[in-house]
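Given next are the chains, with one letter for each unit.
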Amino acid sequence: MTMTTNQFLSSFQFNNGLTLKNRVVMSPMTTMTSFYNGMVTSDELNYYAARAAGPGMVITAVANVADSGKGFEGELSVASDDMIPGLTKLARTLHQNGTKAIMQIFHAGRKSNHHILRGDQPVSASAVAAVYPPDSETPRALTEDEIQQLIVDFGEATRRAIAAGFDGVELHGANTYLLQQFFSPNSNQRTDNWGGSREKRMNFALAVIDAAKSAIKKYADRPFLLGYRISPEEIENPGIRLKIPCISSIRSRTRSITCTFQWGTISGRR
Ligand SMILES: Cc1cc2nc3c(=O)[nH]c(=O)nc-3n(C[C@H](O)[C@H](O)[C@H](O)COP(=O)(O)O)c2cc1C
């Protein structure tokens, strides 16, 4: 009789020491069930209670790091300390039977509109509307001070995830949201330190990564993971393509920080 070994059921240890009981990961899936201001609802707790316990790790629906980064109604928020009590309940719910809890964090950038932002114009790297959907609003280009504040906001969101008891954060650099908008040669038409060459278009993501790393170093008293999600392609032309050197550029530029990342995930062309 032959024995079958299911490796995905065996434990996995990240290089920071955090161990998953198995290799099943639930990917981030937005449920649009948070309160109007992004606070956790009992519907969300029930949803995650029904799914935790089995997987080694669950990545939450995406949470915005700033009010200007809200991309849709019912979205989770990690933009203020008021959110920590609800997020603490969420982390506890996910921790059933040893499942690890990861919070995905982002800023939607131009993938929002003035209805969702209660009258405010969406912001992005540059004042360029998304190609899809066709009625996308033209955003306002972020100022230098606003960019610096958003970098701080990503660090603060990481601090709140630590305080709430999560085991890590995933930076949502995919699906055409703000981190991708800075990297894309389409949505980023800036001529300052944040745009132009591939290297400069990566500066925002690298600064956000540094802010998250600093928060982890300062506040985490336990192994705390940092992940990054990318989309290797986008529909805009010119835009990010798997075959052009953008992706290898990310690889070479991030080589020095790869030890930072315990994982990276890829989300399809958007
Ligand atoms: C309803 C729904 C909500 C999603 N929300 C998110 C999200 O908040 N963050 C994210 O990175 N991906 C999100 N995704 C994408 C999923 O994480 C995943 O990449 C996608 O469903 C493809 O999965 P597959 O490759 O296993 O088919 C969502 C997908 C669905 C269907």
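Because the structure is a prediction, the values reported are computed rather than measured. (Residues numbered from 1 in each chain as written. Predicted model: local features only at pLDDT ≥ 70, side-chain atom pairs only at ≥ 80, totals over all residues.)

**Here's the deal with unusual backbone geometry**
For the bond running from tyrosine 132 to proline 133, omega is -5°, close enough to zero to count as cis. The topology assignment puts proline 133 in the loop between strand S8 (123–124) and strand S9 (140–141). Between asparagine 237 and proline 238 the backbone carries a cis peptide bond, its omega angle lying at 0°. Within the secondary structure layout, proline 238 lies in the loop between strand S11 (225–230) and helix H7 (245–254). (Helix = DSSP H or I, 4+ residues; strand = E, 2+ residues; numbered from the N terminus.)

**Points about the nonpolar core**
What tends to happen in soluble globular proteins is that the nonpolar side chains get buried as a cluster. Judged by nonpolar contacts, the single largest core of 63 residues is most densely connected at Val78, Ile105, Val208 and Ala212. Those elements that place two or more of their residues in this core are strand S4 (57–59), helix H2 (84–94), strand S7 (100–106), helix H3 (144–163), strand S10 (168–173), helix H4 (178–183), helix H6 (203–219) and S11. The element that contributes the greatest number of residues to this core is H6, accounting for 9 residues. Look past the residues within four positions of valine 78 in its chain and what remains in contact with it is Ala63, Val65, Met83, Leu87, Met103, Ile105, Ala157, Arg160 and Ala161. (Core = buried A, V, L, I, M, F, W, Y, C linked by C-beta atoms within 7 Å. Buried ≥ 20, exposed ≤ 12 C-beta atoms within 10 Å, placed from the backbone. Contact = placed C-beta atoms within 7 Å.)

**Considerations on the packing of helix H1 (residues 42–49) against H2**
For the pair H1 and H2, the least separation of the axes is 9 Å and the interaxial angle reads 15°. Relative to H2, the element H1 lies roughly parallel. Every pair of crossing elements has a handedness; the one defined by H1 and H2 is right-handed. Between H1 and H2, the residues in contact are Glu44, Leu45, Tyr48 and Ala49 and Lys89, Leu90, Thr93 and Leu94, respectively. Tallied by class, the residues present in the contact of H1 with H2 amount to 5 nonpolar, 1 polar and 2 charged. (Axes fitted to C-alpha atoms, helices over the stretch in contact; angles between N-to-C directions. Parallel < 35°, antiparallel > 145°, perpendicular 65-115°, else oblique. Left-handed = near helix turned anticlockwise from the far one by under 90°. Nonpolar A, V, L, I, M, F, W, Y, C, P; charged D, E, K, R; others polar.)

**Some details on the site of the ligand**
The immediate surroundings of the ligand are formed by 12 residues, with Ser27, Pro28, Met29, Thr30 and Val62 found nearest. Among the residues making up the shell around the ligand, the classes are represented as 5 nonpolar, 6 polar and 1 charged. (Near = placed C-beta within 6 Å.)

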